[in-house]
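If you want the building blocks of each chain, they are given just below.
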Amino acid sequence: MTAPTRYTIADTVLTMPVRIRRADTHVAIFSVPADPAQRLIDYSGLQVCRYRAGRALAMLMLVRYHDGDLGRYHEFGTALMVNPPGVHRRGPRALSTAAAFIHHLPVDQSFTLAAGRQIWGFPKIMADFTVRETPRFGFEVRENGALIAGIDFAAGLPIPAALTSRSQVLQTYSHTDGVTREIPWQMRNSGMRARLGGARLRLGDHPYAAELAGLGLPKRALASQSSANVEMTFGDARTLTP
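Predicted model only: the values in this text are computed from it and were never measured.

Considerations on the packing of aromatic side chains
Working step 1: Enumeration over the complete set of coordinates arrives at 7 aromatic pairs.
Working step 2: With 6.0 Å between their ring centres and 40° between their planes, Trp 120 and Phe 122 make a pair best called tilted.
Working step 3: We classify Trp 120 as buried; its relative accessible area is 1%.
Working step 4: Members of the aromatic cluster, each reached through a chain of ring pairs, are Trp 120, Phe 122, Trp 185 and Phe 234.

Focus: the environment of Val 18
Working step 1: Looking at where Val 18 falls in the secondary structure, it is placed in strand β3 (residues 18-33).
Working step 2: Sequence separation between Val 18 and Ala 213 is 195 residues; the distance between their C-alpha atoms is 34 Å.
Working step 3: Contact partners of Val 18, with chain neighbours within four places excluded, come to Asp 69, Leu 70, Trp 120, Met 232, Thr 233 and Phe 234.

Quick notes on the nonpolar core
Working step 1: Membership of the largest hydrophobic core comes to 38 residues, with the highest contact counts inside it found for Met 59, Leu 70, Trp 120 and Met 232.
Working step 2: Contributions of two or more residues to this core are made by β1 (6-9), β3, β5 (55-68), β6 (73-83), β7 (99-107), α2 (110-120), β14 (179-196) and β16 (223-234).
Working step 3: The contact partners of Leu 70, leaving out residues within four places of it in the chain, are Leu 14, Val 18, Phe 111, Thr 112, Ala 115 and Trp 120.
Working step 4: Residues Phe 30, Val 32, Val 141 and Ala 199 belong to the second largest nonpolar core, which totals 37 residues.

As for α2
Working step 1: Here α2 has its buried residues at Phe 111, Thr 112, Leu 113, Ala 115, Gly 116, Ile 119 and Trp 120.
Working step 2: The positive-phi residue at the C-terminal boundary of α2 is Gly 121, with phi of around 70°.

Overview of a positive patch on the surface
Working step 1: A contiguous patch of positive charge, built from Arg 136, Arg 195, Arg 200 and Arg 220, is present on the exposed surface.
Working step 2: Judged by relative accessible area, Arg 220 falls into the exposed class, the value being 62%.

So, the sheet that holds strand β9 (residues 128-132)
Working step 1: In space, the 4 strands of this open sheet follow the order β9-β10-β11-β15, with antiparallel pairing throughout. Looking at which strands have only one partner, the edges of the open sheet turn out to be β9 and β15 (199-203). Within the sheet, the average angular offset between the axes of one strand and its neighbour, ignoring direction, is 10°.
Working step 2: Where strand β10 (residues 138-143) meets strand β11 (residues 146-153), 6 bridges bridge the pair, whose relative direction is antiparallel. Across the sheet, the residue bridging to Glu 140 is Gly 150, located in β11.

A word on the side chain of Thr 172
Working step 1: Within the element layout of this structure, Thr 172 appears in strand β13 (residues 168-176).
Working step 2: The exposure class assigned to Thr 172 is buried, which follows from its relative accessible area of 7%.
Working step 3: Among the polar contacts listed, one links the side chain of Thr 172 to the side chain of Trp 185, at a separation of 2.7 Å.
Working step 4: The contact partners of Thr 172, leaving out residues within four places of it in the chain, are Ala 100, Ile 102, Phe 122, Arg 181, Glu 182, Ile 183 and Trp 185.

Concerning the side chain of Thr 233
Working step 1: Its place among the elements puts Thr 233 in strand β16.
Working step 2: Its relative accessible area of 14% is what places Thr 233 among the buried residues.
Working step 3: Every residue in contact with Thr 233, bar those within four places of it in the chain, is listed here: Pro 17, Val 18, Arg 19, Pro 184, Trp 185 and Gln 186.

Examining the environment of Asp 128
Working step 1: With respect to the element layout, Asp 128 can be found in strand β9.
Working step 2: Discounting residues that sit within four places of it in the chain, Asp 128 has contacts with Glu 140, Val 141 and Arg 142.

Definitions and limits used
Residues numbered from 1 in each chain as written. Predicted model: local features only at pLDDT ≥ 70, side-chain atom pairs only at ≥ 80, totals over all residues. Heavy atoms only, no water. Phe/Tyr/Trp six-rings, centres within 6.5 Å; stacked < 30°, edge-to-face > 60°. Buried < 20%, exposed > 50% of the residue type's maximum accessible area, 1.4 Å probe, protein only. Helix = DSSP H or I, 4+ residues; strand = E, 2+ residues; numbered from the N terminus. Contact = heavy atoms within 4.5 Å. Core = buried A, V, L, I, M, F, W, Y, C linked by side-chain atoms within 4.5 Å. Patch = residues over 30% accessible without salt bridge, like charges linked within 9 Å, V, L, I, M, F, W, Y side chains within 5 Å. Areas by Shrake-Rupley, 256 points an atom, 1.4 Å probe, with all protein chains shown as cover. Salt bridge = Lys/Arg side-chain N within 4 Å of Asp/Glu carboxyl O. Lys, Arg positive; Asp, Glu negative; His and termini not counted. Charge placed at Lys NZ, Arg CZ, Asp CG, Glu CD. Pairing = 2+ DSSP bridges. Axes fitted to C-alpha atoms, helices over the stretch in contact; angles between N-to-C directions. Polar contact = N/O pair within 3.5 Å; in protein donor to acceptor, adjacent residues only side chain to side chain.

What follows is the structure, given as structure tokens:
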């Protein structure tokens, strides 16, 4: 039996898989033009999932990690849905095999930044977060004072636990230093809500914001969702051959 992989980050030993015991999420999903989305991630060698003719899906998400091996922190992710390597499916059914490619990933703690970059090749940078719970949930994320994005969410409708509580086995892709990686992970949701629309996006003057504007954002969200609690485990990354 192979011994589990261990990483030493800032004098702390992490044993794989890394476990997140409690987090909450807010996600806004946008339909964006596929060709600009593809140009944005050409560096990865991956292909966006064209779930409709000429369209791809972008997800902007806030995750608040409350209890896990990487500590407490906030994370803002920009992800494009992509086809796994060697898969060339199109249309709505292609989403059943699509995975998220993480293009941006600001965080607000140095330990998770170092771990994310060293273990999985996630493109983490340090940023500052402002979160509001009322009158509706919203947040803003900035780097060195420059606004990347802000999103305000309307409450969604509850999703029955029977549809969301089962553990899901997923794949995510990252790219740093010229290397694209595949990261296996598992997720279990509870307290999930969803709705059509339901998210208002604001962009600032940060370079990341300019990239999102190149996808035709801000615009009305296709859909939004939130989860009151998410449990996750992240396995070892696998380097993809060119």
